[in-house]
Amino acid sequence: FAAKGADVSLITGPVSLSLEHQEITRFDVTSADEMYELCMSEKDDADIIVMAAAVADYKPAVQSVSKLKKSEVSIGIQLLPTQDILTGIGKTKKPGQIICGFALETDHEEENARKKLQSKNLDLIVLNSLQDQGAGFKTLTNKISIIFKNGQIQHFPVKPKREVAQDIIAAIISII
């Protein structure tokens, strides 16, 4: 989007990511709660929102202020669900705003992605596949399908991730 002249805000967790464009304003967060709060405060200024990944589905119920020393006793960690950022954005979507989400599914991929598209009030969802060689994480390539709110679906072959990004941008522009 920045290469096409858009002003882009990137809200990200701790990653080793360098920015290629001066049009990108980067916001770094360290927790799911920080990510939620910042996304909620920035969402109304955005015409297009692309939510590329879930932060985490759960967080520790208690955060230790100091290191937990090893002992002979087992300990358990209670987990609480995090706030769903994409659901929060979809519930408060303003007229004309376009929201794109992502789905990484391992079972009933298309069916689950379509459910997420509807339940989160998205305009389109990018379904990532882990079924094919060269798709998913830890590769320079990916294979996606884009499902639109009107039910239309576009399938793409395995290709470099930069080209995948162009396909996603083209899909979003097609509904503007």
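Values in this document were obtained by computation on a predicted structure and should not be read as measured data.

**Some words on the overall build of the protein**
Here is step 1 of the chain: Of the regular secondary structure elements, the protein holds four helices and eleven strands.
Here is step 2 of the chain: The principal-axis extents of the C-alpha atoms in the protein amount to approximately 60 × 35 × 30 Å.
Here is step 3 of the chain: Classification of the 176 residues of the protein by burial places 33% in the buried group.
Here is step 4 of the chain: In the protein, 46% of the contacts between residues at least 6 apart in sequence involve partners at least 24 apart.
Here is step 5 of the chain: Here the protein has roughly 11,700 Å² of accessible surface; of this, 53% comes from carbon and sulfur atoms.
Here is step 6 of the chain: Treating the 20 positive side-chain charges of the protein as one cloud and the 23 negative ones as another, the clouds have centres 3 Å apart.

**Describing the side chain of Asp123**
Here is step 1 of the chain: Within the element layout of this structure, Asp123 appears in the loop between α3 (109-119) and β7 (124-128).
Here is step 2 of the chain: Within polar-contact distance, the side chain of Asp123 engages the side chain of Lys93 at 2.7 Å.

**A closer look at the environment of Asn150**
Here is step 1 of the chain: Tracing the backbone shows Asn150 in the loop between β9 (144-148) and β10 (153-155).
Here is step 2 of the chain: Overall, Asn150 belongs to the exposed group, its relative accessible area being 61%.
Here is step 3 of the chain: It is 8.4 Å that separates the C-alpha atoms of Asn150 and Asp123, two residues lying 27 residues apart in sequence.
Here is step 4 of the chain: Of note is the side chain of Asn150, whose polar atom sits 2.9 Å from the backbone nitrogen of Gln152.

**Looking at the side chain of Lys120**
Here is step 1 of the chain: Of note, Lys120 is situated in the loop between α3 and β7.
Here is step 2 of the chain: The contacts of Lys120, once residues within four sequence positions are left out, are Asp84, Leu86, Thr87 and Gly90.

**Describing helix α1 (residues 32-42)**
Here is step 1 of the chain: Where α1 is concerned, the buried positions are Ala32, Met35, Tyr36, Leu38, Cys39 and Met40.
Here is step 2 of the chain: Buried residues in α1 make contact with β1 (8-12), β2 (24-28) and α2 (85-91).

**Looking at the pattern of salt bridges**
Here is step 1 of the chain: Scanning all chains against the criterion turns up ten salt bridges.
Here is step 2 of the chain: A salt bridge links Glu20 to Arg162; the nearest nitrogen and oxygen atoms lie 2.5 Å apart. Of the two residues, Glu20 sits in the loop between β1 and β2 while Arg162 sits in helix α4 (residues 161-175), which places them 142 residues apart along the sequence. Of the two residues examined, Glu20 and Arg162, each falls in the exposed class.
Here is step 3 of the chain: With a closest N to O distance of 2.7 Å, Lys159 and Asp167 form a salt bridge.

Cut-offs and rules
Residues numbered from 1 in each chain as written. Predicted model: local features only at pLDDT ≥ 70, side-chain atom pairs only at ≥ 80, totals over all residues. Heavy atoms only, no water. Helix = DSSP H or I, 4+ residues; strand = E, 2+ residues; numbered from the N terminus. Buried < 20%, exposed > 50% of the residue type's maximum accessible area, 1.4 Å probe, protein only. Contact = heavy atoms within 4.5 Å. Areas by Shrake-Rupley, 256 points an atom, 1.4 Å probe, with all protein chains shown as cover. Lys, Arg positive; Asp, Glu negative; His and termini not counted. Charge placed at Lys NZ, Arg CZ, Asp CG, Glu CD. Polar contact = N/O pair within 3.5 Å; in protein donor to acceptor, adjacent residues only side chain to side chain. Salt bridge = Lys/Arg side-chain N within 4 Å of Asp/Glu carboxyl O.

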